[in-house]
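Fold and geometry: a report
In case you want the letters, here they are:
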Amino acid sequence: MRERWSVGVLCVLPALLAALLTGCQSPSGGAEEDGRLGEKSPTPTAAARPSGYGAVFLAIDECSSFRTVSFTEVPCTSERAAARVVARHDGRVSDGPPCPATTDFVLHISEQRPSSDEDGDGAVPRGYACMRNLQPPHPGDPGGGGGPRTIVGDCVYDAGGGKVRETACDGEGKNRPQYRVTKAVAERADCPASTALYVRLGGERPVGCARAL
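Note that the structure is a prediction, hence the values are computed from the model and not measured. (Residues numbered from 1 in each chain as written. Predicted model: local features only at pLDDT ≥ 70, side-chain atom pairs only at ≥ 80, totals over all residues. Heavy atoms only, no water.)

1. Describing the overall build of the protein chain
Which entries qualify depends on this criterion: Put simply, DSSP H or I for four residues or longer makes a helix, DSSP E for two residues or longer makes a strand, and each gets a number counted from the N terminus. Contacts: residue pairs with any heavy atoms within 4.5 Å of one another.
From N to C terminus, the protein chain includes zero helices and 12 strands. Ordered by position in the sequence, the α and β elements of the protein chain form the string β-β-β-β-β-β-β-β-β-β-β-β. Contacts in the protein chain between residues at least 24 apart in sequence constitute 56% of all its contacts with a sequence separation of at least 6.

2. Some remarks on the side chain of Ser-64
Within the secondary structure, Ser-64 sits in strand β3 (residues 63–65). Discounting chain neighbours no more than four positions away, the residues touching Ser-64 are Leu-58, Phe-71, Thr-72, Val-74, Arg-80, Ala-81, Ala-82, Ala-83 and Met-131.

3. A closer look at the pattern of salt bridges
The condition that has to hold: Salt bridges are defined by distance alone: a side-chain nitrogen of Lys or Arg within 4 Å of a carboxyl oxygen of Asp or Glu. Residue burial is assigned from relative accessible area. The probe radius is 1.4 Å, only protein chains are included, and a residue is buried under 20% of its type maximum, exposed over 50%, and partly exposed in between.
Applying the stated criterion to the full structure yields three salt bridges. Where Arg-88 meets Asp-90, a salt bridge forms, and the shortest distance between an N and an O atom there is 3.6 Å. A residue is classified by how much of its surface remains accessible, and Arg-88, at 13% relative accessible area, is buried. We classify Asp-90 as exposed; its relative accessible area is 55%. Within the structure, one salt-bridge network assembled from shared partners comprises Asp-104, Arg-132 and Asp-141.

4. Quick notes on the pairing of strand β8 (residues 155–160)
In plain terms, the rule: In this analysis, strands are considered paired if DSSP registers two or more bridges between them.
Here five bridges tie β8 to strand β9 (residues 163–167), and the two strands are oriented antiparallel to one another. By the bridge assignment, Asp-158 is partnered in β9 with Val-164. Between the end of β8 and the start of β9, which pair antiparallel, lie two residues, with Gly-161 showing a positive phi angle near 65 degrees. As defined by bridge partners, β8 adjoins strand β10 (residues 179–185) across two bridges and the pair is classed as antiparallel. Among the inter-strand pairings, Val-156 is bridged to a residue of β10, identified as Tyr-179.

5. As for the pairing of strand β5 (residues 81–90)
Across three bridges, the pairing between β3 and β5 is antiparallel. From the neighbouring strand, Cys-63 faces β5, where its bridge partner is Arg-84. When β5 meets strand β7 (residues 127–133), the two strands line up antiparallel, connected through seven bridges. By the bridge assignment, Ala-87 is partnered in β7 with Cys-130.

6. Quick look at the sheet that holds β10
Applied cut-off: With axes taken as lines fitted to C-alpha atoms, and helix axes fitted only over the stretch in contact, angles between N-to-C directions fall between 0 and 180 degrees.
The strand order across the open sheet built from five strands is β9-β8-β10-β12-β11, with neighbouring strands paired in antiparallel fashion. Looking along the sheet, the strands with just one partner apiece sit at the ends: β9 and β11 (197–200). The average angle at which neighbouring strand axes cross in this sheet is 45 degrees, direction not considered. Looking at chain direction, β11 and strand β12 (residues 207–212) are connected through four bridges and run antiparallel. If you follow Tyr-198 over to β12, its bridge partner there is Cys-209.

7. Some thoughts on the confidence of the model for the protein chain
Caution applies to low-pLDDT parts of the model: their predicted coordinates are not meant to be read in detail. Our working definition: Each residue carries a pLDDT score, the predictor's confidence in it, ranging from 0 to 100.
With 66% of its residues at a pLDDT of 70 or more, the protein chain shows a mean pLDDT of 75. The secondary-structure element of the protein chain with the lowest mean pLDDT is strand β1 (residues 19–22), recorded at 37, while β10 shows the highest, at 97. Of the regions scoring below 50 in pLDDT, residues 6–52 engages in 164 contacts with residues more than four places distant in sequence or in other chains.

8. Some details on the environment of Phe-66
Mapped onto the elements of the fold, Phe-66 is located in the loop between β3 and β4 (70–74). When the C-alpha atoms of Phe-66 and Ala-83 are compared, they prove to be 7.7 Å apart, with 17 residues separating the residues in sequence. Apart from the residues lying within four places of it in its own chain, the contact partners of Phe-66 are Phe-71, Glu-79, Arg-80, Ala-81 and Ala-82.

9. Observations concerning unusual backbone geometry
Following Pro-136, the chain continues to Pro-137 via a peptide bond in cis, the omega torsion being 5 degrees. You can see Pro-137 is positioned in the loop between β7 and β8. Of note in this structure, Leu-58 is not a glycine but carries a positive phi near 55 degrees. Here Leu-58 shows up in the loop between β2 (45–49) and β3. On the basis of relative accessible area, Leu-58 is assigned to the buried category, the value being 0%.

Spelled out as structure tokens, the structure:
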């Protein structure tokens, strides 16, 4: 049985401006065969501007515009609305709670101090919004081939150099799936005998047991 680790990472999109965006994930980050984390791809940026629709910029259940030059908060009934906030936290992703499992992408919001904002204090704090597309596709769904987290039902492929990355289970992605995560457990010893790959998931059950396809 070959033992490798894989790590889910944020999606990589073209570099834009002030806030970081990750969407249905570009291939998830890999790891060396000895369990060491592989290097993550650089994360591009996108501008996010407050628009005054709520007390908090991009609060839970509010919506963002389409993925263009910048992201703005818009009414969810607007024809420009593209994704809904399913969770919102201040600070950095690395320091805060993880996004819900089926998040399609994460919008990183840089600290801003506009002349006026939602609550009138002249500042939008640094934070991140976990986003879910209003319409399919949903890359964060199990097997969808993307999203900021690797979850049960997702598939990965051998990216070389002892690394594996996430890809769509239906084979429609650029890379053919080679392993599927079938179970999340607390320790490797809890994985079934058919496990060919260990995937680092995080959370209370951080070990993903993956079988060969």
